[in-house]
Amino acid sequence: MIAALTRAIDNFLGRGEAAVTVPPLDGALRPNRMLDDAKSRFALEDVDDLAMVGGKLLASAGSDIHAFDPKGRWKLHFVAGSPIACIATIGNDGLALGLASGEILVTGGAFDGKSFHADAQAKCLTAMVESAGSLYVANGSATSTVGDWQRDLMEQNASGSVWRIELESGNSACIADRLAWPAGLAVSEAGITISEAWGHRLLRLASGGQAEILYHDLPGYPGRLSPAADGCWLSMFAPRSQLVEFILREPAYRQRMLEEVPQPFWVSPNLKSGKSFYEPLQGGGVKHLGVLKPWAPAMSAGFCVRLDSGFQPVASLQSRADGATHGVTGVLEADGQVYVAARGDGVVVRLPAQIAGGEA
Amino acid sequence: MNLSDQLTYWRYRLVPDHVLGELLAKRWIDNAIPLLILIVVAAIFGSLIPDFFGPANMTNLARQWGEFGLIVLGLMIVMVAGGIDLSVGSTFALGNIVALALLNVAGLSMPVVVIVTLGVGALVGMANGVLVGFLRLRAFLTTLVTLIIVRAIVDMLLLNYSVRIAAAFPDSDAWYFLGEGFLLGVPFSAALAGAVAIIAHLVLSRSRIGWHVLAIGGSRRSAHNVGIPVRRVICSTYVISGMLAALAGVLFASRLGGAGADTGIGLEIAALTAAVLGGNSLGGGRGSPAKAIIGSITVMMMVNSLLRLGVTSGANSLLLGILLLGAVAIDVRWLKNRHKVLSKVYVSPAFSSLPAAPGTDASSKYAINDRLGPVELIGLGRIDGPEDVILDEDDNIYTGNRTGDIVRFFAPDYSRQEVYAHVGGRPLGLAFDKDGSLLVCIGGMGLYRVTTEREIVKLTDETNRSWLSIIDDSRLRLADDLDVAPDGRIFFSEATVRYEMHEWPVDGLESRGNGRIVCYDPNRGTTRTILRNLKFPNGICMTHDGESFLFAETWGCTISRYWFDGPKKGTVEKVIPDLPGYPDNINRASDGTYWLALVGIRTPSLDLALKMPGFRRRMARRVAPDEWLYPNINTGCVVRFNEEGEILEVLWDRAGENHPMITSMREHKGHLYIGGILNNRIGKLKLEGADENWTGTSSYWSGS
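Source: prediction; values computed, not measured.

A. Summary view of the overall build of chain B. Within chain B one finds 19 helices and 27 strands. At 34 Å, chain B has a C-alpha radius of gyration far larger than the 27 Å of a compact globule built from 704 residues. Counting only C-alpha atoms and orienting by the principal axes, one finds that chain B spans roughly 110 × 60 × 50 Å. A burial count over chain B gives 58% of its 704 residues as buried. Nonlocal contacts in chain B, meaning residues at least 24 apart in sequence, comprise 62% of its contacts between residues at least 6 apart. About 29,000 Å² of surface is accessible on chain B, with carbon and sulfur atoms providing 61% of the total. Seen as two clouds, the 65 positive and the 66 negative side-chain charges of chain B have centres 9 Å apart.

B. Spatial organisation of the interface of chain A and chain B. Taken together, the contact between chain A and chain B spans 37 residues of the former and 42 residues of the latter. Overall, the association of chain A and chain B removes approximately 3,200 Å² of surface from exposure, summing both partners, and the carbon and sulfur fraction of that is 59%. Counting across the interface, chain A meets chain B through 2 salt bridges. Between B:Asp5 and A:Arg256 there is a salt bridge whose closest N-O contact spans 2.8 Å. Across the contact surface, chain A and chain B share 15 residue pairs in polar contact (both at pLDDT 80 or more). Put simply, the parts of the chain that give the side of chain A that touches chain B at least two residues each are α1 (2–13), α4 (242–247), α5 (251–260) and β20 (281–282) of chain A.

C. Region of the structure containing the sheet that holds strand β7 (residues 417–422) of chain B. Residue and element names in this part refer to chain B. The 4 strands are arranged β4-β5-β6-β7 in an open sheet whose pairing can be described as antiparallel. Two strands close off the open sheet at either side, each with one partner strand: β4 (389–391) and β7. Adjacent strand axes in the sheet meet at a mean angle of 25° when their direction is disregarded. By the bridge criterion, 5 bridges tie strand β6 (residues 405–409) to β7 in an arrangement that is antiparallel.

D. A look at the nonpolar core. If you look at the biggest cluster of nonpolar residues, it comprises 87 residues, and the most contacted ones within it are A:Tyr253, B:Ile559 and B:Phe641. Take this core: its biggest share by element is 5 residues, from strand β21 (residues 594–601) of chain B. With residues up to four places along the chain from it excluded, the contact list for A:Tyr253 reads A:Ile247, A:Val267, B:Ser605, B:Leu608, B:Ala609, B:Met612, B:Phe615 and B:Leu629. In terms of nonpolar packing, the next biggest core, distinct from the first, is built from 86 residues, B:Val80, B:Met300, B:Met301 and B:Ala327 among them.

E. Inspection of the layout of surface pockets at higher detail. Residue and element names in this part refer to chain B. As a volume, the largest pocket reaches approximately 1,100 Å³. Every residue lining the largest pocket is counted, 40 residues in all, and those nearest its centre are His 18, Arg 512, Gly 513, Asn 514 and Asn 533. Sorting the residues of the lining of the largest pocket by element identifies α1 (3–14), α2 (18–24), β14 (515–521), β15 (526–534), β17 (548–553) and β19 (572–576) as the ones contributing at least two each. Looking at the lining of the largest pocket residue by residue, the classes come out as 18 nonpolar, 11 polar and 11 charged.

F. Quick peek at the packing of helix α13 (residues 267–277) of chain B against helix α15 (residues 313–345) of chain B. Residues and elements named next belong to chain B. Two elements in contact, α13 and α15, have axes separated by 9 Å at closest approach and are oriented at 35°. Between α13 and α15 lies a crossing whose hand is left-handed. Residues Ala 270, Leu 272, Thr 273, Val 276 and Leu 277 of α13 lie in contact with α15, whose contacting residues are Leu 320, Leu 323, Leu 324, Ala 327 and Val 328.

G. Main features of the pairing of strand β12 (residues 479–484) of chain B. Residue and element names in this part refer to chain B. Burial of β12 is extensive: 6 of the 6 residues sit out of reach of the surface. With 4 bridges connecting them, β12 and strand β13 (residues 490–494) associate as antiparallel partners. Residue pairing for β13: Asp 483 is matched across the bridge by Phe 491. Counted between consecutive antiparallel strands, the loop separating β12 from β13 contains 5 residues, among which Gly 488 sits at a positive phi close to 95°.

H. Geometry of the pairing of strand β8 (residues 103–107) of chain A. Residues and elements named next belong to chain A. The alternating pattern of β8 places Ile 104 and Val 106 on a buried face, while none of Glu 103, Leu 105 and Thr 107, on the opposite face, is buried. Of the strand pairs in this sheet, strand β7 (residues 94–99) and β8 are connected by 4 bridges, and their pairing is antiparallel. Across the sheet, Leu 97 pairs through a bridge with Leu 105, a residue of β8. What sits between the antiparallel neighbours β7 and β8 is a turn of 3 residues, in which Gly 102 has the positive phi angle 105°. Where β8 and strand β9 (residues 115–117) come together, 3 bridges link them in antiparallel fashion. The residue of β9 that forms the bridge with Leu 105 is Ser 115.

I. Structural context of the side chain of B:Asp5. When you line up the elements, B:Asp5 lands in helix α1. Once you skip the residues sitting within four places of it in the chain, B:Asp5 turns out to touch A:Arg256, B:Phe351 and B:Lys611.

J. Fine view of empty space enclosed by the protein. Residue and element names in this part refer to chain B. Counted by the stated rule, this structure contains 4 cavities of 30 Å³ or more. Ile 390, Arg 666, Gly 696, Thr 697 and Tyr 700 are the residues nearest the centre of the largest cavity, which is lined by 21 residues in total. Secondary structure elements with two or more residues in the lining of the largest cavity: β4, β8 (426–432), β12, β20 (581–588), β25 (664–668) and α19 (696–701). Estimates place the volume of the second largest cavity at around 120 Å³. In this structure, the second largest cavity is lined by Asp 30, Ile 33, Pro 34, Ile 37, Val 276, Leu 277, Gly 279, Arg 286, Ala 327, Ile 330, Asp 331 and Trp 334. Contributions of two or more residues to the lining of the second largest cavity are made by α3 (32–48), α13 and α15. For the lining of the second largest cavity, the element with the highest residue contribution is α15, accounting for 4 residues. Grouping the constituent residues of the lining of the second largest cavity by class yields 8 nonpolar, 1 polar and 3 charged.

K. Looking closely at the side chain of B:Asn680. Note on placement: B:Asn680 falls in the loop between β26 (671–675) and β27 (682–686). Exposure remark for B:Asn680: the relative accessible area of 13% places this residue in the buried category. A polar contact is formed between the side chain of B:Asn680 and the backbone oxygen of A:Leu289, at a distance of 3.4 Å. In this structure the side chain of B:Asn680 is engaged in a polar contact, spanning 3.0 Å, whose partner is the side chain of B:Arg681. Contacts of B:Asn680, omitting those with residues within four sequence positions, involve A:Leu289, A:Gly290, B:Gly379, B:Leu380, B:Gly381, B:Arg382 and B:Ile383.

L. Highlighting the packing of α13(B) against helix α14 (residues 289–308) of chain B. Residue and element names in this part refer to chain B. Taken N-terminus to C-terminus, the directions of α13 and α14 make an angle of 130°; their axes are 7 Å apart at the nearest point. If you check the angle between α13 and α14, you find them oblique. Considering the relative orientation of α13 and α14, their crossing is right-handed. On the side of α13, the interface is formed by Ala 270, Thr 273, Ala 274 and Leu 277, while α14 contributes Gly 295, Ser 296, Thr 298 and Val 299. Among the residues forming the contact of α13 with α14, the class breakdown is 4 nonpolar, 4 polar and no charged.

M. Local environment of a positive patch on the surface. On the surface, A:Arg15, B:Arg333, B:Lys336, B:Lys340, B:Lys344 and B:Arg621 cluster together into a patch of positive charge. Among the structural elements, B:Lys344 can be located in helix α15.

N. Main features of α14(B). All names here are of chain B. For α14, with 20 residues, the first-to-last C-alpha span of 28 Å sits near the 28 Å given by 1.5 Å per residue. Of all the 20 residues making up α14, 14 are buried; the element is thus mostly covered by neighbouring parts of the structure. The first or second residue beyond α14 is Gly 310, which carries a positive phi of 85°.

O. Structural view of the sheet that holds strand β19 (residues 231–239) of chain A. Residue and element names in this part refer to chain A. As summarised here, the arrangement of the 4 strands in space is β18-β19-β21-β22, forming an open sheet in which the pairing is antiparallel. In the strand order of this sheet, the two ends are held by β18 (220–228) and β22 (313–319), each with one partner. Going across the sheet, the axis of each strand differs from the next one's by a mean of 20°, ignoring polarity. Bridge analysis of β18 against β19 gives 7 bridges, and the strand direction is antiparallel. What sits directly across from Ala 228, in β19, is Gly 231.

P. Expanded view of the pattern of salt bridges. Enumeration over the complete set of coordinates arrives at 49 salt bridges over all chains. Among the salt bridges present, the one from A:Glu212 reaches A:Arg204, with a minimum N-O distance of 3.7 Å. Residue class for A:Glu212 comes out partly exposed when judged on its relative accessible area of 41%. Of the residues examined, A:Arg204 reaches a relative accessible area of 16% and is grouped as buried. A salt bridge links B:Arg516 to B:Asp473, with the nearest nitrogen and oxygen atoms 3.9 Å apart. One end of the pair, B:Arg516, is in strand β14; the other, B:Asp473, is in the loop between β11 (456–460) and β12, and 43 residues separate them in sequence. Take B:Arg516 and B:Asp473: they sit in the same class, and that class is buried.

Calculation criteria
Position labels on residues start from 1 in each chain and follow its written sequence. As they are written, the chains are lettered A onward and the ligands numbered 1 onward, keeping that order. Confidence filtering applies because this is a predicted model: local features only for residues at pLDDT of at least 70, side-chain atom pairs given and counted only at 80 or more, and all residues used for totals across whole chains, interfaces and linings. Excluding hydrogens and water, the side-chain values take into account all heavy atoms of the structure. For the purposes of this entry, the term helix denotes a DSSP run of H or I that reaches at least four residues, the term strand denotes a run of E that reaches at least two, and both are numbered from the N terminus. With the radius of gyration taken over C-alpha atoms, the globule rule is written as 2.2 Å times the number of residues to the power 0.38. Throughout, exposure labels follow a simple rule: accessible area from a 1.4 Å probe, protein chains only, divided by the maximum for the residue type, with under 20% read as buried, over 50% as exposed, and the rest as partly exposed. Two residues form a contact once any of their heavy atoms are found within 4.5 Å. Surface accessibility in these figures is a Shrake-Rupley result with a 1.4 Å probe; residues are shielded only by whichever protein chains are displayed. Neither His nor the chain termini are counted; the positive set is Lys and Arg, and the negative set is Asp and Glu. By convention, the point assigned to a charge is CZ for Arg, NZ for Lys, CD for Glu and CG for Asp. Throughout, the accessible surface (probe 1.4 Å) given up by two parts as they are put together, summed over both, is called the buried area. Criterion for a salt bridge: a side-chain nitrogen of Lys or Arg within 4 Å of a carboxyl oxygen of Asp or Glu. Think of a polar contact as two N or O atoms within 3.5 Å of one another; within protein, one of them needs to be a possible hydrogen donor and the other a possible acceptor, and neighboring residues in sequence only count if both atoms come from side chains. A pair of strands is treated as paired once DSSP finds two or more bridges between them. To get an axis, fit a line to the C-alpha atoms, keeping to the stretch in contact for a helix; angles then go from 0 to 180 degrees between the N-to-C directions. Note on terminology: a nonpolar core comprises buried Ala, Val, Leu, Ile, Met, Phe, Trp, Tyr and Cys residues joined through side-chain atoms within 4.5 Å. We place a 1 Å grid over just the protein atoms. Points where a 1.4 Å probe fits but has no way out form a cavity, open points with protein on both sides within 12 Å along at least 5 of 7 lines form a pocket, and any residue with an atom within 4 Å of a point lines it. Grid points are joined across faces, edges and corners, and a volume is the space filled by probe spheres set on the points. Note on residue classes: Ala, Val, Leu, Ile, Met, Phe, Trp, Tyr, Cys and Pro are nonpolar, Asp, Glu, Lys and Arg are charged, and everything else, Gly too, is polar. A clockwise turn of the near helix away from the far one marks a right-handed crossing, whereas an anticlockwise turn of less than a right angle marks a left-handed crossing. The cut-offs work like this: below 35 degrees is roughly parallel, past 145 is roughly antiparallel, 65 to 115 is roughly perpendicular, and the gaps in between are oblique. Residues qualify for a patch when their relative accessible area is over 30% and they have no salt bridge, like charges being joined within 9 Å and the nonpolar side chains of Val, Leu, Ile, Met, Phe, Trp and Tyr within 5 Å. A helix is expected to span 1.5 Å for every residue after the first.

Structure (structure tokens):
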């Protein structure tokens, strides 16, 4: 009763839960334009996830897997025939493909040609990671598809789940559910770490089953996790903004927006915004003297964060409102190089790992 | 419109939300709470006491109020200057006994008695004033000490003279008139207090010394820094307070004719309660005679009525004390929170449902293209914000900039520029008058003329005030664009009357229709508002019939036509009801049609928000302005249309490379010149097939 009353008062006055605040970019997340300044840029339309298989860098884009050759070109490597939602390395030379249908295919390696399902209902595969003969799979939502993540956010769903599949037997088990769009997984001795996108936080599931919050209130929506030399890379596919936080607290507007406004023009985070003049514009985004300010509030940005072994941020690579490396969906560190896949701009950029700030 | 939209429409149609904010923005709103308390008090005692509003009681109350009111007025003046005078009660008693002694013992005449008593009061005030003003002692302690000393003097005088005062019976009608007479049916003391209040009001609100007093109360240090003689002014406020208290003592002496030990005891607390209850700030700088009068009537009524109801005097004082505490608390909270509340409630969005926006795909008449691509750039990086551009017969370009200059670019290559005139403000719309002088609408200033000799002449900066408007809408805040009728009348738009120039996004958020169109008639020197409640009226352009003009409403996304002469005089007709974007300036094209600048394109998300005023209001309160949903003014275009409202051609800058937002365009000798209020360049575009000799000036003025 008192809690409900407090909530009503907060809602009226815009305090507490109803306050629309986004943490400032500070400390390890201080704004920079390192993603845009990267010299090595390799365009690949709709690039999504990265994986290293048998010493080869592979990237998923649409329904295809492309391989990166040392000369800096992409070559078609594998055709899946239906849209690929995420990929993961199996062992050393196998590749698992999570398809939009919910099916998981393996090519190469010990399980070549095998097919798995996490669950008949799990059709929104957002991330996979293999560890010690088990494949961990994140299912973003029980109701939305992978491409419909904006709707899932706007509906404020928390129906995602994480599954473990034994590769030998094909048995699968749900190890966590009721998550708000789990979008990234990392396995370590301490347990399995999940990035919960709509909760803006990193959770660790210990073997006992309790969840522990490792980091909360991130300034963006956390996506996939991938191992780094000593720690982890976190890609944040879209920035949070005050306006979106406000809209998430306005059910009436949100509902009518979902019904009446075409999806590309929603007030919603995006992998790449500003493509059409029908998209919403915010005050700070008005061009002055022909220039869009880098600090302008935007629905998209480029963002990936280097986490230490305790999953605390130590450095970040960014592309700001006026940048061209937006919507980072995958990061991969290999041989002293960091590859960042920016799906919003359809480009993979490469930076030396020491510049990327692993030691910062 | 669906049902919920209908409900919202009527809700925002019937409840004028913006009125609350406008009321709170008024300075006189400070008096609202004290006045309410006065009415409540009057109602309570009026119902408790029989015949409360009868003439006998009213006369009695008014007479006593006259004396009390004078004291409160004096205290108010001291408080406005940031001080406090606790010695008013003692001075009142001193005035009483001095007047009686002078009259009864010394046997002086009435005028002499009054003047000498006032002098004594002034002396007490002077003592306070010198100590507080010049020696800068604490006002509270100093006047507390004066209170005790003066009270001691009164007691000593009482000891010596009370018997002789009581023994004598002066025989002077003039003397008794002070305490018992009527002036125009009003008890003399009340009439006197009223007159003093009016004088005090005029002095405080209209005179130099009054402003000095208010300035010192507002900030003593700043007043000193701007050269106000702070010490002298403070000293004189105490002198006035002492004189008014003594004057009240004289009236009291005349009314009752007796001196007692309890005269004026506790009067300072009653006076202080009255002053603060009326809304005079204890901190200084905020106060008026009106507040003093409201407060003193309230307190007078309470004290008297409680006595009549038989409440014991102890309880009476207790009540007064509680009232003072309450008044001080309200004073502090009100002062602290008024502008906070104001900032929260002033912005009050209205319901606005725009018709469906036409598309911009290939099949649409607004189909997107890149026709502004080959534009030639003028003054890139050398001009800040050319809102409107205009060319003279020698092809020179004139434009306003952000820093209040009218800049001229010289033909033929426009590489040289000069400041043609520095007008200040934000020069917006431009037009050439018949005599070749440049007419300019200046945001924040009004309508001006720059003659061919570069003399700057103010044409008008105010119009007639509307009777039902709460905010004063006589002053022009945001004169935007103008055009000249054949007979020389100038019609110009004022985008909004509720906001300043730089607050235009807030007006867009409201989308109420706060703008108007005003006509300046140079032949008669009059300025009159002709159309009201327009949604950010912007561009104005004369049609070719000489009796009507076209105007654009930016937030309404419409073009309308208004007839100021001829058979259709006074009527408005929509020409284009549904633009896909926000229209800005309109100008003539060489073939008899019109150019229109669209400053931005409507977005579906904002169109939806316009139908949800509550959503926009909460957004304005909770989200930082830089994060607000804005009209998308990062992409604009130029449209050519005719008087029937048909769209003839559209010019886009698809990438927004040079002209992300377009606020004006002007055709001149086969070229189109393009400006943008947030841009740093002027574009020049060759128009295929346009008349190479056509100029705007000739189109307007060559026929006559």
